[in-house]
Amino acid sequence: MKMVNSSKISEFVLLGLTNTRELEIIFFFIFLLAYAAIMAGNLLIVVTITFDSHLHSPPMYFLLGNLSFLDMSISTITTPKMVTDFLRENKIISLWGCMAQMFFLHFLGGSEMTLLIVMAVDRYIAICKPLHYTTIMNRRVLTGSVLLSWAIGFVHTMSQMVFTITLPFCGPNVVDSIFCDLPLVLKLACTETYVLELLVIADSGLLSFICFILLLISYIVILVTVQRRSSGGLSKALSTLSAHITVVTLFFGPCIFIYAWPFSSFSVDKFLSVFYSVITPLLNPIIYTLRNQEMKAAMKNTMNNYLETNWTT
């Protein structure tokens, strides 16, 4: 493959969301508050599930705790850097910092895709086979499913990053986004990356699309099964699944457009990246907790116990 220049770059410049100083200040406070809410909401879920014994038995909460941990991690990879960049004139990230950002984004993103499928299977068994729910979704199956989701995420990111880290970068070094991501960084390599770009589309784009379709099919199967059994149970199933469908759409929608849709522009990709890294992790705790009375009661008890302990001491 023919090189364009022999000099190598050691850092990339992120353009961010806007060049207007006034908007950057506004975005700084908005995303700072959003990140604080993401960490507080998801951390409260993880702590509540960990320390409330009433939530140790239903398998759903074990999966929900892992989802919250992944959401916190995904947001932490991108949002703090994006927030501080709003205050900087030069939005610079090192070459290896960029590589690390892409590695963990695809690692955690691939893990969350798989975990959402596991959660869909969990809802199918809970709704369609309630008498065998705790037997089928036992601790061993749950632990194995979570470990499998992490393993798939690792294989997913390594299959792309093992080729990306060997690419030569010799300029230009401007990434028109809020964080480093494969489609944009690959275009900056000073060598032909057509085959690797196809790999990214096949790996990330098709994985997102296939998982999204599989999840929708699983929800349709659940609704059809419930409708055949009783018409009254259909409304309850719709209420339960509506939260999952909302999360799935918000998570997979941006991924499909960024990695698989050939006509999306860079400006659209930037705002879709905000959905992927900020909006979805922010809405997940709201969607899952405000619709769940047991979870809300457990969170209230956890907060009361914490306040009582600190007040007495």
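Just above sits the structure.
What you see is a predicted model; the values in this text were computed from it and never measured.

(A) Quick peek at the pattern of salt bridges. Counted according to the given criterion, the structure contains six salt bridges. When the shortest N-O distance is used, the salt bridge between Arg88 and Asp85 registers 3.5 Å. Judged by relative accessible area, which is 39%, Arg88 ranks as partly exposed. We note a salt bridge from Arg123 to Asp122, for which the minimum N-O separation is 2.8 Å. No difference in accessibility class separates Arg123 from Asp122, as the two residues are buried. Bridged by salt links that share partners, the residues Arg21, Glu24 and Lys91 form one connected network.

(B) Just the packing of aromatic side chains, in detail. The tally for this structure, following the rule as stated, stands at eleven aromatic pairs. Taking 5.1 Å as the distance between ring centres and 90 degrees as the angle between the ring planes, the aromatic pair formed by Phe103 and Phe104 counts as edge-to-face. What makes Phe104 partly exposed here is its relative accessible area of 36%. Judged by centre distance (6.0 Å) and plane angle (45 degrees), the rings of Phe103 and Phe107 are tilted. Taken together, the residues span about one helical turn, with Phe103 and Phe107 both in helix α3 (residues 95–128) at a distance of four residues. The burial state of Phe103 is the same as that of Phe107; both residues are buried. An aromatic cluster of at least three residues, connected via ring pairs, comprises Phe69, Phe103, Phe104, Phe107, Trp150 and Phe154.

(C) Representation of the state of the cysteines within the structure. For the structure on display, the rule yields two disulfides. Note on cysteine connectivity: Cys98 is disulfide-linked to Cys180, with sulfurs 2.1 Å apart. Taking the sign of the torsion about the S-S bond as the criterion, the disulfide between Cys98 and Cys180, at about -125 degrees, is left-handed. Here Cys98 is found in helix α3, whereas its partner Cys180 is found in the loop between β3 (174–175) and α6 (182–186), with 82 residues between them in sequence. Residue Cys98 shares its accessibility class with Cys180, and that shared class is buried. Here Cys170 pairs with Cys190 through a disulfide, and the sulfurs are 2.2 Å apart. Of this pair, Cys170 sits in the loop between α5 (139–164) and β3 while Cys190 is found in the loop between α6 and α7 (194–229), placing the two residues 20 residues apart along the sequence.

(D) Up close: α5. For α5, with 26 residues, the first-to-last C-alpha span of 38 Å sits near the 38 Å given by 1.5 Å per residue. Helix geometry: α5 is bent most strongly at Met158, by close to 30 degrees. What α5 keeps buried is the set Leu142, Ser145, Val146, Ser149, Gly153, His156, Thr157, Gln160, Met161 and Thr164. In this structure, the buried residues of α5 make contact with α2 (59–85), α3, α6 and α7. One side-chain oxygen of the residue at the start of α5 lies 3.1 Å from the amide nitrogen of Arg140, identifying that residue as Asn138.

Procedures and definitions
Residues numbered from 1 in each chain as written. Predicted model: local features only at pLDDT ≥ 70, side-chain atom pairs only at ≥ 80, totals over all residues. Heavy atoms only, no water. Salt bridge = Lys/Arg side-chain N within 4 Å of Asp/Glu carboxyl O. Buried < 20%, exposed > 50% of the residue type's maximum accessible area, 1.4 Å probe, protein only. Phe/Tyr/Trp six-rings, centres within 6.5 Å; stacked < 30°, edge-to-face > 60°. Helix = DSSP H or I, 4+ residues; strand = E, 2+ residues; numbered from the N terminus. Disulfide = S-S within 2.5 Å. Expected span 1.5 Å × (residues − 1). Bend = angle between axes of the 7 residues up to and from the residue. Contact = heavy atoms within 4.5 Å. Polar contact = N/O pair within 3.5 Å; in protein donor to acceptor, adjacent residues only side chain to side chain.

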